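# Observations on the model geometry
Okay, here's what each chain looks like letter by letter:
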Amino acid sequence: MTNSSSTKKEDGSDQSEISGFAPKIHRTKMGEPEVSEKKILNKKLKDVEISVPIVYGNIAFWLGKKANEYQSHKWTVYVRGATNEDLGVVIKRVVFQLHSSFNNPTRVVESPPFELSESGWGEFEIAITLFFHNDVCDKPLNLFHHLKLYPEDESGPMSMKKPVVVESYDEIVFPEPSEGFLARMQNHPAVNLPRLPAGFILPPPVPVEDATKKKRGDTKDNPLSQWFMNFSEADELLQLAAARQQVQAHIAKLKRQISLIDGQQQQLKSTSDQ
């Protein structure tokens, strides 16, 4: 399989139609920090979780009949916030592992937006590795995305007006976050913060750097954003599912306690009857 770089730009015609695939929805729970890491970082919060909704996938444009047969498509693979917020507050860098036929197939993106563009003709699996900031998690997260260039209905005619869009939704869950991480994430739209234990007071929020002096890391103004899928409902469904699991676990705990009390009462009754 041969793919190569290209400077050819995609067609700028009607963008209202998209050739999309059914999105995949996941919820990934990261491991708890190592004991040694707990000593280095500040205090961990028990029974608290921080979740970060992300989307990863690709958008591919067919370059038309006049394009080189080995550079038939221009595509972009990316990791973005589910609502296009800046993930740089959580993710330090992203490594994309391309097919071995590419020059320098291991691509490292050190800052948001975490994306790369290439051209080629073949589909293959891309390994995506997320590395987090030190106060977030010491373990990387490995994701896998199958690059799609051709529409689901391969028998239909190719069109330069319809990009192929394939995205997956994942909610990354960080258990027992540090107080510093939680304080840094206050009021940040890319992160779902938990309800804190009663009486707990967070340190003051970290001052936000002047937006005019910092490179914008969100993808709201990304030229491809008009084709991104909307995952707001998926995010809500995952939050409801997580809340339902917590309620079910609480109910199960109460049932065990009631069963234990009933057993004790039965034992006391048997003793009094004697």
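All of the points below concern the structure found in this document. Just so you know, these numbers come straight off a predicted model, no measurement behind them. (Residues numbered from 1 in each chain as written. Predicted model: local features only at pLDDT ≥ 70, side-chain atom pairs only at ≥ 80, totals over all residues. Heavy atoms only, no water.)

### Points about the pairing of strand 5 (residues 91–97)
Pairing geometry for strand 5 and strand 8 (residues 125–132), over six bridges, is antiparallel. Bridge pairing links Val94 to Leu130 in strand 8. Note: strand 5 against strand 6 (residues 106–109), four bridges, orientation antiparallel. Along strand 6, the bridge assignment pairs Val95 with Val108. (Pairing = 2+ DSSP bridges. Helix = DSSP H or I, 4+ residues; strand = E, 2+ residues; numbered from the N terminus.)

### Description of the nonpolar core
Trp75, Val79, Phe96, Ile128, Leu130 and Phe132 are the most contacted members of the largest nonpolar core, which has 41 residues in total. Elements represented by at least two residues in this core include exactly strand 3 (49–62), strand 4 (73–81), strand 5, strand 7 (114–120), strand 8, strand 9 (141–146), strand 10 (164–175) and helix 2 (179–184). Among the elements that line this core, the one with the most residues is strand 3, at five residues. Excluding its chain neighbours within four sequence positions, the residues that come into contact with Leu130 are Ile54, Val79, Ile91, Arg93, Val94, Pro140, Leu141, Leu143 and Ile172. (Core = buried A, V, L, I, M, F, W, Y, C linked by side-chain atoms within 4.5 Å. Buried < 20%, exposed > 50% of the residue type's maximum accessible area, 1.4 Å probe, protein only. Contact = heavy atoms within 4.5 Å.)

### Notes on the environment of His145
When you line up the elements, His145 lands in strand 9. C-alpha separation for the pair His145 and Glu167, spaced 22 residues apart in sequence, amounts to 8.6 Å. Residues within four places of His145 in sequence aside, it is in contact with Tyr56, Gly57, Asn58, Val77, Phe124, Glu125, Ile126, Ile128 and Val166. There is a polar contact of 2.6 Å between the side chain of His145 and the side chain of Asn58. (Polar contact = N/O pair within 3.5 Å; in protein donor to acceptor, adjacent residues only side chain to side chain.)

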